[in-house]
Amino acid sequence: MASLFSGHVLIRNNSDQDELDTEAELSRRLENRLVLLFFGSGSCPQCQAFAPTLRDFFVKLTDEFYVLRAAQLALVYVSQDPTEEQQDLFLRDMPKKWLFLPFEDDLRRDLGRRFSVERLPAVVVLKPGGDVLTRDATDEIRRLGPACFANWQEASELLDRSFLQPEDLDDPAPRSLTEPLRRCKYRVDRAARGKRGPGSGSPPEGEGGAEGGGAGELF
């Protein structure tokens with residue numbers, strides 16, 4: 001899947017707008033995932049109306065507030081905006097895990113021709129290998145919501161990676177609501193033991209350690 005964007009840069013829609021500009025970074029974000037290519041524009045009223053639906057769809061599948069583990073799903077916004085300012089404004093309220101192409105990258109237009117996108121909004125669903133699973137999933141997403149993913153996952157024979165560690169290691173999801181408290185207690189107990197220094201013996205009894213719609217025309 002990363003080969004689709006080989007030689008190009010994808011940008012994360014977070015406050016730092018991190019760039020994915022190496023093959024390794026692109027692979028980490030796109031390989032063994034269903035990839036949604038969202039063709040839209042802030043100047044398109046139909047796109048404006050559909051955007052909240054797509055945002056909620058994506059968040060409910062990838063945000064650990066809603067799911068135990070994020071779905072193997074990536075979304076790339078392929079802007080058809082007439083100006084970079086409109087692109088930035090459209091992305092402002094969209095999920096930070098969305099990816100997008102730089103405005104000056106002509107691949108934005110090339111992808112529209114490659115996947116025969118004629119109207120906006122359009123959501124092209126790609127299998128992990130890059131083959132097209134659904135030419136336009138906008139109506140399906142409106143009707144079924146997050147249930148779409150299970151159908152796509154089965155149809156694409158997506159490899160289940162639920163046994164692996166979370167990939168966003170900079171902010172891993174806690175395993176339970178009490179895990180942050182356990183981590184804090186462990187740090188405090190370990191610091192207290194360190195202050196006693198070497199040779200101070202075992203901790204006193206009782207002191208424990210860490211707990212075990214319609215569509216707009218594009219052309």
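None of the values given here were measured: they were computed from a predicted structure. (Residues numbered from 1 in each chain as written. Predicted model: local features only at pLDDT ≥ 70, side-chain atom pairs only at ≥ 80, totals over all residues. Heavy atoms only, no water.)

Caption draft 1: Structural detail: the sheet that holds strand E3 (residues 34-40). Overall, mixed pairing links the 7 strands, which are arranged E2-E1-E5-E4-E3-E7-E8 in an open sheet. Looking at which strands have only one partner, the edges of the open sheet turn out to be strand E2 (19-20) and strand E8 (132-134). For strand E4 (residues 73-79) and strand E5 (residues 99-100), the ladder comprises 2 bridges, and the chain directions are parallel. Its bridge partner lying in E5, Val76 is registered against Leu99. (Pairing = 2+ DSSP bridges. Helix = DSSP H or I, 4+ residues; strand = E, 2+ residues; numbered from the N terminus.)

Caption draft 2: Broad picture of the environment of Tyr77. Within the secondary structure, Tyr77 sits in strand E4. For the pair formed by Tyr77 and Phe100, sequence separation is 23 residues and the distance between their alpha carbons is 4.7 Å. The contacts of Tyr77, once residues within four sequence positions are left out, are Phe38, Gly40, Ser41, Gly42, Gln87, Phe90, Leu91, Trp98, Leu99, Phe100 and Leu101. (Contact = heavy atoms within 4.5 Å.)

Caption draft 3: Local environment of the confidence of the model for the protein. Looking at the protein as a whole, its pLDDT mean stands at 82, while 72% of the residues score no less than 70. Ignoring residues within four places in sequence, the model shows residues 169-176, a span with pLDDT below 50, making 7 contacts including any to other chains. Low confidence marks residues 178-193, where pLDDT is under 50. Its contacts with residues over four positions away, or in another chain, come to 15 contacts. (pLDDT = per-residue confidence, 0-100.)

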